[in-house]
Amino acid sequence: MSYSIIEKNDPQVFKALKAEDEREENYLELIASENMVSQAVLEAYTATLTNKYAEGYPGKRYYGGCEPSDMIENIAIERANKIFGTQYANVQPHSGAQANMAVFLACLKPGDTFMGMDLAHGGHLTHGSKVNFSGLYFNVVSYGVKESDCQIDYDGIAKKAKEHKPKLIVAGASAYPRTIDFSKFAEIAKENGAYLMVDMAHIAGLVAAKLHPSPVEYAEFVTTTTHKTLRGPRGGLIVSNDENFFKKLNSRVFPGVQGGPLMHVIAAKAVAFGEALKDDFVEYQKRVVRNAKVLSDTLLSRGLKIVSGGTDNHLMLVDTFSTKKVTGKDAQELLESVGLTTNKNAIPFDPNPPMVASGIRLGSPALTTRGFNEEEFKKVGGWIADVLENPSDENTASRVKNEISEICLKFPLDRFRL
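Residues numbered from 1 in each chain as written. Predicted model: local features only at pLDDT ≥ 70, side-chain atom pairs only at ≥ 80, totals over all residues. Heavy atoms only, no water.

## With respect to the environment of Ile-407
- By the element assignment, Ile-407 lies in helix α17 (residues 394–410).
- Relative accessible area serves as the criterion here: at 6%, Ile-407 is assigned to the buried category.
- Sequence separation of Ile-407 and Asn-390 is 17 residues, and the distance between their C-alpha atoms is 21 Å. (Helix = DSSP H or I, 4+ residues; strand = E, 2+ residues; numbered from the N terminus. Buried < 20%, exposed > 50% of the residue type's maximum accessible area, 1.4 Å probe, protein only.)

Here it is, written out as structure tokens:
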């Protein structure tokens, strides 16, 4: 990125921005919830639309001068609906969390009961964590995975739903490597008179490419972030085909949980949605899935334990503690010291506290965007195993760090942004 004006006028901020550019260029990004946007998305994100207040919706704004904003928002809405086969899309949520909050306020009242996936089993903060709005203002009944195979316990969900009669069931996860059966969730919700909301933030790109079953035909509400596998700017999105809620959903986003939309972000969303409608996006998502499987298989072959035994999507949970006696916290720090960016992550039935954790979460989207294919992911898996097997060996760390530096030069970030 060029920061010529910032460099001259604000060297302190310039230094921090350049540090991030250099970090992304010289480290291999393996955090499953992160990706890298195209130059076109970056350009839209820095557009003069950042100056514009556009409270309201297209054709019904509270301020004047919103014609260009209406054009942009309508383009984003049209493209989102085309991607996911929906009649309704709200592109204004600033984040996935705010998209989820809007849905909660559209169908729940404070104190109502809902079911969501336990954070410790792969769920998200907004699915009922006691420190989040979802756990503070609603009665939460959490569900999780089976200890035998670490896959979603659908029978357990059905039993809890029958007992607690939730008004809403939330499906979706932030650290679950297997295909989610939305039809089973819909069946359980229908049998118990509950609405179904699917938070597909992690798998939205795979759903768009038809590599994961779509939740749209099963759920009244579908939310997502617009980054991660969808490879757009950081933001949120709600889509739906239940016309009974279109008006209420709009009102719960604005003025319910936020004021003026970030029009420059919506412009970047529109560009990203346009990219997601192209054939090469489907090919990219196929590579994301293939690369994740190769990484998982490589780690398994090196004696590391993969939670649930593998992956069906873009991510995996690696149990570093039971196999290599390295905590997730230490694994994250060790890997970052050689140029591999990961995040510590609790595993189901974790014996360690969350801030220490017993595992790391890995994902393939960002490196796939960078141009990595199966051969490169085999190397990445080998480097991870080498470091975790020899956590105190400086020679191993030095060798791996040098090899990572070489591959970063071979796959510069600018190449995919041209």
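Once you've had a look at it, read on.
## Let's talk about the sheet that holds strand β14 (residues 343–345)
- Taken together, the 4 strands give an open sheet; going across it, the order is β11-β12-β15-β14, and neighbouring strands pair in antiparallel fashion. Two strands bound the open sheet, and with one partner strand each, they are β11 (305–306) and β14.
- Sheet topology note: the strand β12 (residues 315–319)/strand β15 (residues 359–363) ladder contains 5 bridges and is antiparallel. Opposite Met-316, over in β15, you have Leu-362 as the bridge partner.
- Strands in contact with helix α14 (residues 328–338) are β14 and β15; relative to β15, the strand with the most contacts, it is inclined by about 50°. (Pairing = 2+ DSSP bridges. Contact = heavy atoms within 4.5 Å. Axes fitted to C-alpha atoms, helices over the stretch in contact; angles between N-to-C directions.)

## Focus on the packing of aromatic side chains
- On inspection of all chains with the given rule, the structure shows 16 aromatic pairs.
- With 5.6 Å between their ring centres and 75° between their planes, Tyr-154 and Phe-185 make a pair best called edge-to-face. In this pair, Tyr-154 sits in helix α7 (residues 154–164) while Phe-185 sits in helix α8 (residues 182–191), placing the two residues 31 residues apart along the sequence.
- Exposure remark for Tyr-154: the relative accessible area of 15% places this residue in the buried category.
- For Phe-185, a relative accessible area of 1% corresponds to the buried category.
- Taken together, the ring pairs in this structure connect Phe-104, Phe-114, Phe-133 and Phe-138 into an aromatic cluster. (Phe/Tyr/Trp six-rings, centres within 6.5 Å; stacked < 30°, edge-to-face > 60°.)

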